[in-house]
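Listed below are the residues making up each chain.
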Amino acid sequence: MVTLEHEKAKLSHQRAQHILQDAEQVLLGQGVPSVKVIHETGSLVDRLPEFEAIADLIILGKRGETAELASGHLGANLERIIRASHKPCLVTSRQYQPIERLLLAYDGSPSGQKLLSFLVNSPVFKGLELHIVTVAKDAANEKAIARLSEAQQQAVTGGFEPVTQLMQGHPETAIAQYSEQHQISLLLMGAYGHSRIRHLVIGSTTAQILRSSNTPVLVFR
């Protein structure tokens, strides 16, 4: 049994090395000037603080190898990483498309406000088409109208000419429909809404969007 476990560990190590080598070649081939590959053992979530300490953004796939068997579920590590991380997390979809149109799902929550500030101050997003959507139960909701107006003004100050829309209905459904209708290439949203249980789970709207959307999602805690 000891010999068998040793061989399994050896094969796992070799497979990890091949995965890293393939990733490095792809990135260098796409013009990334420098790539540092790291192969460590242990839990990714447990090692996250030391990895993210030198990072500005965490990029991860929505699901792992069993994606075909669990298309309605998120990957085992995804929610744990988003909950544990203090950096923005970009959750990628399987098919790549150039980022041209941004959709900010804005609810005025603390994580949403941080995301809006990050968006308008980051050079990465300059020149892209920006849509800002707020979803409310009532289209005449004064708080929602004021919230959307504040987000619009902040975006304009940051150099954008945003398209804004106050939508009525369930947030996950309305956001998904808007994203599809306007061919959004990157969705931005906070990890938590106003009614979250403190730091235990990511918001229900965020989790549902991550499960169902084929659009990359930038999640901001």
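Further up the page is the structure itself.
Our subject in this report is the structure included herewith. In this text, all values refer to a predicted model and were calculated from it rather than measured experimentally. (Residues numbered from 1 in each chain as written. Predicted model: local features only at pLDDT ≥ 70, side-chain atom pairs only at ≥ 80, totals over all residues. Heavy atoms only, no water.)

1. Concerning the packing of aromatic side chains
According to the stated counting rule, one finds two aromatic pairs in the structure shown. Here the aromatic rings of F118 and F125 are separated by 6.1 Å at their centres, their planes lie at 75 degrees, and the arrangement is edge-to-face. The class for F118 is partly exposed, based on a relative accessible area of 29%. Here F118 and F220 contribute two aromatic rings whose centre-to-centre distance is 5.3 Å and whose plane-to-plane angle is 45 degrees, an arrangement assigned as tilted. Of this pair, F118 sits in helix α4 (residues 110-121) while F220 is found in strand β7 (residues 217-220), placing the two residues 102 residues apart along the sequence. Its relative accessible area of 13% is what places F220 among the buried residues. (Phe/Tyr/Trp six-rings, centres within 6.5 Å; stacked < 30°, edge-to-face > 60°. Buried < 20%, exposed > 50% of the residue type's maximum accessible area, 1.4 Å probe, protein only. Helix = DSSP H or I, 4+ residues; strand = E, 2+ residues; numbered from the N terminus.)

2. A look at the nonpolar core
The nonpolar side chains of a soluble globular protein tend to be buried, and buried together. Ranked by internal contacts, the top residues of the largest apolar core, which has 25 residues, are I82, L103, I175, L187, L210, V217 and V219. Ignoring any residue separated from it by four or fewer positions in sequence, one finds V219 in contact with I82, P88, C89, V91, M189, G190, A191, T206 and L210. Counting residues in each nonpolar core, the second largest holds 22 residues, with L116, F160, L188 and L218 among its members. (Core = buried A, V, L, I, M, F, W, Y, C linked by side-chain atoms within 4.5 Å. Contact = heavy atoms within 4.5 Å.)

3. Some points on the pattern of salt bridges
It is possible for side chains of opposite charge to pair when their charged atoms get near one another. Scanning the model with the defined rule gives four salt bridges in all. For R47, the salt bridge goes to E40, with nearest N and O atoms at 3.7 Å. (Salt bridge = Lys/Arg side-chain N within 4 Å of Asp/Glu carboxyl O.)

4. Let's talk about the pairing of strand β2 (residues 89-92)
In terms of strand pairing, strand β1 (residues 58-61) meets β2 through four bridges, oriented parallel. Opposite G61, over in β2, you have T92 as the bridge partner. Inspection of the sheet shows β2 paired to β7 by three bridges, in the antiparallel sense. Paired with L90 across the two strands is L218, which belongs to β7. (Pairing = 2+ DSSP bridges.)

5. What about the sheet that holds strand β4 (residues 129-136)?
Across the sheet, seven strands lie side by side as β1-β2-β7-β6-β3-β4-β5; this open sheet has mixed pairing. Looking at strand neighbours, the two that pair on one side only are β1 and β5 (163-168), the edges of this open sheet. Looking at each pair of strands side by side, their axes are set apart by 25 degrees on average, direction ignored. Across four bridges, the pairing between strand β3 (residues 101-105) and strand β6 (residues 186-190) is parallel. Bridging from a neighbouring strand, A105 pairs with M189 of β6. Across the sheet, helix α5 (residues 142-157) lies against β4 and β5, angled at about 165 degrees from β4, the strand it touches most. (Axes fitted to C-alpha atoms, helices over the stretch in contact; angles between N-to-C directions.)

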